[in-house]
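Chain residues, written in single-letter form:
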Amino acid sequence: MPRPRHPMITALAGGVGAARLLRGLIEVVPPSCVTAIVNTGDDTVLHGLHISPDLDTVVYTLADAINPDTGWGLAGETWQVMASLERLGGVTWFSLGDQDLATHCYRTQRLHEGATLTAVTEELARSWGVEISIVPVTDDPLRTRLQLIDGPEIDFQEYFVKMHHDVAVADVRFEGAKHALPAPGVLDAIARAETIVVCPSNPVVSIGPLLAVPGVLEQLRLRREQIVGISPIIAGAALKGPAARLMREMGFESSVVGVAKWYASWVATLVIDESDAESAAAVEAEGVRCVVAPTVMSTVERSAALSQVVLDALG
Ligand code: GDP
Ligand code: CA
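For every chain, the first residue of its written sequence is number 1, and the numbers climb from 1 along that sequence. Just so you know, chain letters begin at A and ligand numbers begin at 1, following the order they were written in. Totals for whole chains, interfaces and linings use all residues, but because this is a predicted model, local features are given only for residues with pLDDT of at least 70 and pairs of side-chain atoms are given and counted only at 80 or more. By convention in this description, side-chain values take in all heavy atoms of the structure and omit both hydrogens and water.

Trainee: What should I look at first to understand the pattern of salt bridges in this one?
Mentor: When the charged atoms of two side chains lie near each other, side chains of opposite charge can form a pair. A pair is scored as a salt bridge if a Lys or Arg side-chain nitrogen falls within 4 Å of a carboxyl oxygen belonging to Asp or Glu. Taken as a whole, this structure holds 17 salt bridges when the rule is applied. As a salt-bridge pair, Arg 23 and Asp 64 come within 2.8 Å of each other at their nearest N and O atoms. With Arg 23 in helix 1 (residues 16–28) and Asp 64 in the loop between helix 2 (53–62) and helix 3 (80–88), this residue pair connects regions lying 41 residues apart in the sequence. Burial here depends on accessible area, computed with a 1.4 Å probe over protein chains only, as a share of the maximum for the residue type. Under 20% is buried, over 50% is exposed, and the range in between is partly exposed. On the basis of relative accessible area, Arg 23 is assigned to the buried category, the value being 13%. The closest approach of N and O atoms between Arg 145 and Asp 155, which form a salt bridge, is 3.3 Å. Within this pair, whereas Arg 145 is found in strand 6 (residues 143–148), its partner Asp 155 is found in strand 7 (residues 153–155), the two being separated by 10 residues in sequence. There is no split in this pair, since Arg 145 and Asp 155 are both buried. Counting from the N terminus, the helices are DSSP H or I runs at least four residues long and the strands are E runs at least two residues long.

Next comes the structure, spelled out in structure tokens:
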């Protein structure tokens, strides 16, 4: 008799919040059933190296190699290269640990050899023993650019790391998106999944770039009933980072209702934190089913419990 097949699950992912959810998800379903479509709008080139922060955060977290204090980079990292760069007066505002640098060297070399980002990501994931399928949303260049109110248009990492996202943004665009093709398997993973989960990631700069790749939003709209989002906004604020501020700057309320409005055309169900329980009716008034649950993933157990809530949300 054939073994019962577990339903396929596809996740839309940014960095830390997504990685934590995925780490819990593989506690409750076999990893081979999971595909994560990951943001590459944060990618940048520094020291001539191609850096993909969200892909690396997802891989390192699933490998249990992530630095638990920061949520990015490797645990037990050393910083000798950074210290030497500092002495040279080189670029040091973006911290790259010694072991982490090997990832970027490897990726850059493989891309120079003509490998796609999809292929390189698969190689890196395999090297870490990660069994879920991790795919960049596109193999083509996609760069999140932020137009400042009192200043120039800048790159995502300049905004996020160099300026500590402490600056007013007038507009966000995704350079290259119009001509980008979804990476192989991306549309198929959306078309075939029994459940599609929108991880608790920044709606503007982590989920936004995924939706900007032609074909992705159209495919998601066809699967709306199967899509469950998790609000990255809890009690009106982001746990970390500029999600709440950017939502307000883009004209949305920074609340679970704002998230519901932002996602309503393609997401049928939204999981909100228990601290937002009183907003459930307002979320449903946006045409989105609402599930209330603990959503702060401070441990793998909590991440696993939240993953189970997502799977149960579709009955
Ligand atoms: P990145 O890690 O900088 O790439 O940012 P993400 O795209 O992952 O987005 C960070 C968002 O995820 C912030 O709005 C956080 O509030 C949210 N987030 C991070 N961890 C959690 C969590 O445990 N639960 C929930 N609900 N949201 C989270
Ligand atoms: Ca990110």
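Trainee: Would you mind showing me how to read the sheet that holds strand 14 (residues 289–293) here?
Mentor: In sheet architecture, strand pairing relies on hydrogen bonds along the backbone and comes in two forms, parallel and antiparallel. Judged by pairing direction, the sheet is parallel, and its seven strands sit side by side in the order 5-2-1-9-10-13-14 without closing on themselves. Of all strands in the sheet, those with a lone pairing partner are strand 5 (133–136) and strand 14, marking the two edges. Ignoring which end each strand starts from, the neighbouring axes of this sheet average 20° apart. When DSSP finds two or more bridges between two strands, those strands count as paired. Across four bridges, the pairing between strand 1 (residues 9–13) and strand 9 (residues 195–198) is parallel. Bridge pairing in strand 9 places Ala 11 opposite Val 197. The sheet contacts of helix 2 involve strand 2 (34–38) and strand 5, and relative to strand 5 the element is tilted by about 170°. Interaxial angles span 0 to 180 degrees and are taken between N-to-C directions of axes, which are lines fitted to C-alpha atoms, for helices over the stretch in contact. Here, residues are in contact when the closest pair of their heavy atoms is within 4.5 Å.

Trainee: Would you mind showing me how to read the sheet that holds strand 8 (residues 169–175) here?
Mentor: Taken in spatial order, the three strands make up an open sheet running 7-6-8, and their pairing is antiparallel. The open sheet is flanked by strand 7 and strand 8, the only strands paired with a single partner. In this sheet, adjacent strand axes meet at a mean angle of 30° when their direction is disregarded. Sheet topology note: the strand 6/strand 7 ladder contains three bridges and is antiparallel. When the bridges of strand 7 are listed, Gln 147 appears paired with Glu 153. Contacts between helix 8 (residues 203–212) and the sheet are confined to strand 6 and strand 8, with strand 8 contributing the most and set at about 40° to the helix.

Trainee: I would appreciate a short explanation of helix 4 (residues 98–112) in the present structure.
Mentor: The periodicity of an α-helix, 3.6 residues per turn, causes residues three or four places apart in sequence to face the same way. Multiplying one less than the number of residues by 1.5 Å gives the expected span of a helix. Here helix 4 contains 15 residues, and its C-alpha end-to-end distance of 21 Å stays within 8% of the 21 Å for a straight helix at 1.5 Å per residue. Turning to helix 4, its buried residues are Asp 98, Asp 100, Leu 101, Thr 103, His 104, Arg 107 and Thr 108. Where helix 4 ends, the next residue or the one after it, Gly 114, has phi of about 105°, a positive value.

Trainee: Before we go on, may I ask you to explain the coordination of the calcium ion (ligand 2) in this structure?
Mentor: Each donor-metal-donor angle would ideally measure 109.5 degrees in four-coordinate tetrahedral geometry, or 90 or 180 degrees in six-coordinate octahedral geometry. Ligation of the calcium ion (ligand 2) by protein atoms is provided by Asp 42 (OD), Asp 54 (OD) and Asp 54 (OD), these donors lying 2.0 to 2.7 Å from the ion. Placement of the pair is Asp 42 in the loop between strand 2 and strand 3 (44–46) and Asp 54 in helix 2, with a sequence separation of 12 residues. Each member of the pair, Asp 42 together with Asp 54, is buried. Donor criterion used throughout: N, O or S atom within 2.8 Å of the metal, extended to 3.2 Å for Na, K and Ca. Water excluded; incomplete-looking sites may result.

Trainee: Help me out: how do you make sense of helix 1 in this one?
Mentor: A rise of 1.5 Å per residue sets the reference length of helix 1, with its 13 residues, at 18 Å; its end C-alpha atoms lie 19 Å apart and thus fit the reference within 8%. Turning to helix 1, its buried residues number three or more, namely Ala 18, Ala 19, Leu 21, Leu 22, Arg 23, Gly 24 and Leu 25. Among the structural elements, strand 1, strand 2, helix 2, strand 9, strand 10 (227–230) and helix 13 (300–313) are those in contact with the buried residues of helix 1.

Trainee: Just to check I follow, could you spell out the site of ligand 1 for this structure?
Mentor: For this purpose, a residue is taken to be near a molecule or strand whenever a single non-hydrogen atom of the residue falls within 4 Å of it. Inspection of the region around ligand 1 gives 20 residues, with Val 16, Ser 206, Pro 232, Leu 239 and Thr 295 positioned closest. The definition of a polar contact used here is a pair of N or O atoms within 3.5 Å, where within protein one atom must be able to donate a hydrogen and the other to accept one, and adjacent residues in sequence count solely through side-chain atom pairs. In the model, an oxygen atom of ligand 1 is placed 2.8 Å from a nitrogen or oxygen of the Met 297 main chain. Here the shell around ligand 1 is composed, by residue class, of 10 nonpolar, eight polar and two charged. The residue classification treats Ala, Val, Leu, Ile, Met, Phe, Trp, Tyr, Cys and Pro as nonpolar and Asp, Glu, Lys and Arg as charged. All others, Gly included, are polar.

Trainee: What should I look at first to understand the packing of helix 4 against helix 5 (residues 117–127) in this one?
Mentor: Their axes nearest at 10 Å, the elements helix 4 and helix 5 cross at an angle of 140°. Considering only the axes of helix 4 and helix 5, their crossing is right-handed. Across from Thr 103, Tyr 106, Arg 107, Arg 110 and Leu 111 in helix 4, the residues of helix 5 making contact are Leu 117, Val 120, Glu 123 and Leu 124. Its residues assigned to classes, the contact of helix 4 with helix 5 comprises five nonpolar, one polar and three charged. Should the near helix be turned anticlockwise from the far one by less than a right angle, the crossing is termed left-handed; should it be turned clockwise, right-handed.

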